[in-house]
Amino acid sequence: MSTARPTDFRQRFGDRELLVGSFIKTPTTHSIEILGGMGFDFVVIDEEHAPFDRVTIDNGLLAARAVGTAGIVRVAEPTPAKLLAVLDDGAAGVLVPHVSSVEKAKAIVAACRYRGGARGFSNSPRAGGYGTLGMWQHVEEQDRSVTVIAMIEDPEALDVIDEIVAVEGLDGFFVGRGDLSVAMGAESQGAPQIRAITEKIVRAAAAVGKPVCVMVGSIAETEPFREIGVTSFIVSSDQGLMRQSAAKVLTDWREIANR
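Residues numbered from 1 in each chain as written. Predicted model: local features only at pLDDT ≥ 70, side-chain atom pairs only at ≥ 80, totals over all residues. Heavy atoms only, no water.

A. Up close: the overall build of the protein. Along the backbone of the protein there are twelve helices and eight strands. Taking the principal axes of the C-alpha coordinates as reference, the protein spans close to 70 × 40 × 30 Å. Counting across all 259 residues of the protein, residues that qualify as buried make up 50%. As presented, the protein carries roughly 11900 Å² of accessible surface, and 56% of it is formed by carbon and sulfur atoms. Averaging the locations of the 26 positively and 34 negatively charged side chains of the protein gives two centres separated by 3 Å. (Helix = DSSP H or I, 4+ residues; strand = E, 2+ residues; numbered from the N terminus. Buried < 20%, exposed > 50% of the residue type's maximum accessible area, 1.4 Å probe, protein only. Areas by Shrake-Rupley, 256 points an atom, 1.4 Å probe, with all protein chains shown as cover. Lys, Arg positive; Asp, Glu negative; His and termini not counted. Charge placed at Lys NZ, Arg CZ, Asp CG, Glu CD.)

B. Structural context of helix H6 (residues 135-145). Buried within H6 we find His138, Val139, Gln142, Asp143 and Ser145. Each element contacted by the buried residues of H6 is listed here: helix H1 (9-14), helix H4 (80-88), helix H5 (102-112) and strand S5 (147-152). (Contact = heavy atoms within 4.5 Å.)

C. Quick peek at empty space enclosed by the protein. Under the criterion given, the structure shown has two cavities of 30 Å³ or more. Approximately 50 Å³ is the volume attributed to the largest cavity. Surrounding the largest cavity, Phe9, Phe13, Phe42, Val44, Ile72, Leu95, Ile149, Cys213, Ser232 and Ile234 form its lining. Elements supplying a minimum of two residues to the lining of the largest cavity: H1, strand S2 (42-46) and strand S8 (232-237). A volume near 30 Å³ is recorded for the second largest cavity. As for the second largest cavity, its lining consists of ten residues, of which Ala4, Arg5, Pro6, Arg12 and Asp41 are closest to the centre. (1 Å grid on protein atoms, 1.4 Å probe; cavity = no way out; pocket = protein on both sides within 12 Å on 5 of 7 lines; lining within 4 Å. Points joined across faces, edges and corners; volume = space filled by probe spheres on them.)

D. Spatial organisation of the packing of aromatic side chains. Under the criterion given, the structure shown has three aromatic pairs. For the pair Phe9 and Phe42, a centre-to-centre distance of 5.4 Å together with 55° between the ring planes defines the contact as tilted. Taken together, the residues span a long stretch of sequence, with Phe9 in helix H1 and Phe42 in strand S2 at a distance of 33 residues. The same class applies to Phe9 as to Phe42, namely buried. These aromatic residues form a ring-pair network of at least three members: Phe9, Phe13 and Phe42. One cation-aromatic arrangement involves Lys25 over Phe23; the distance from NZ or CZ to the ring centre is 5.1 Å. (Phe/Tyr/Trp six-rings, centres within 6.5 Å; stacked < 30°, edge-to-face > 60°. Lys NZ or Arg CZ within 6 Å of the ring centre and 35° of its normal.)

E. Geometry of the sheet that holds strand S6 (residues 172-175). The strand order S1-S2-S3-S4-S5-S6-S7-S8 describes a closed barrel built from eight strands, whose pairing is parallel. Adjacent strand axes in the sheet meet at a mean angle of 25°, parallel and antiparallel pairs treated alike. Across four bridges, strand S7 (residues 212-216) lies against S8 in parallel orientation. Of the residues in S8, the one forming a bridge with Met215 is Ile234. With respect to the sheet, helix H3 (residues 54-67) is in contact with S2 and strand S3 (70-74), its orientation differing from that of S3 by roughly 155°. (Pairing = 2+ DSSP bridges. Axes fitted to C-alpha atoms, helices over the stretch in contact; angles between N-to-C directions.)

F. Structural detail: the pattern of salt bridges. Counted under the stated rule, the structure contains 15 salt bridges. A salt bridge links Asp171 to Arg113; the shortest N-O distance between them is 2.8 Å. With Asp171 in the loop between helix H8 (161-165) and S6 and Arg113 in the loop between H5 and H6, this residue pair connects regions lying 58 residues apart in the sequence. Among the ionic pairs, Lys248 bridges to Asp252, the shortest N-O distance being 2.7 Å. Of this pair, Lys248 and Asp252 are both found in helix H12 (residues 238-257), four residues apart, which corresponds to roughly one turn of the helix. Among the charged side chains, a network of salt bridges with common partners joins Lys25, Asp46, Glu48 and Arg74. (Salt bridge = Lys/Arg side-chain N within 4 Å of Asp/Glu carboxyl O.)

G. Examining the side chain of Gln142 more closely. Mapped onto the fold, Gln142 is located in helix H6. For Gln142, the side chain forms a polar contact with the side chain of Arg119, separated by 2.9 Å. In contact with Gln142, other than residues within four places in its own chain, are Leu87, Arg113, Tyr114, Arg119 and Ala127. (Polar contact = N/O pair within 3.5 Å; in protein donor to acceptor, adjacent residues only side chain to side chain.)

Geometric values such as these leave the question of function open.
Put into structure tokens, the structure is as follows:
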């Protein structure tokens, strides 16, 4: 189990500590408990591409708290209602898809922040200690700890990337290499043009002192990204890690069985 507190994630992310997490695709608490208990810095509950609803997200965030890992939610869509729901349920932060303009970036920040924003107030859910935190204590703690990460995964975002990264209240960025590859007809996520785009986003973020996160399939893939300044990594997913482990077991079994 990690010794860092989930509420420290925003500070650690912003300080560009080397952080490791994984996507959670299975709508149960178990994989979150396993990964968090092993010491992963964060998990990303994937509402966008997995069968999560409000209740399963709520349970997943409770599991993340139980094992002391930061529970981030990739929301299915960046509506104020979606963002409010996961933050009220106690998410340490949000990963927001398709942030392709300054206007979208500002709207996301407004939905996630109390001061200077427009987040709907309630201290009665988990985030407010079920009413144990006073109004302004809750406001201060949430504005201090909630992490807002914008996904840059649309070609049009690249034309205004310097303006997007400068939006106050955005804490960092995730390079959506998959969507960018498909949109641009690239041969793979490792194609030179996608590598160049990733470097462009990292440079823009670095210019305003903000971190960048990418997803990789394995630890072996992190080195080239670390070299260009990426500091946070989402390594595979609970399903991917299970598949990798199962494949290793089968390979080992077949070697024994074929002797």
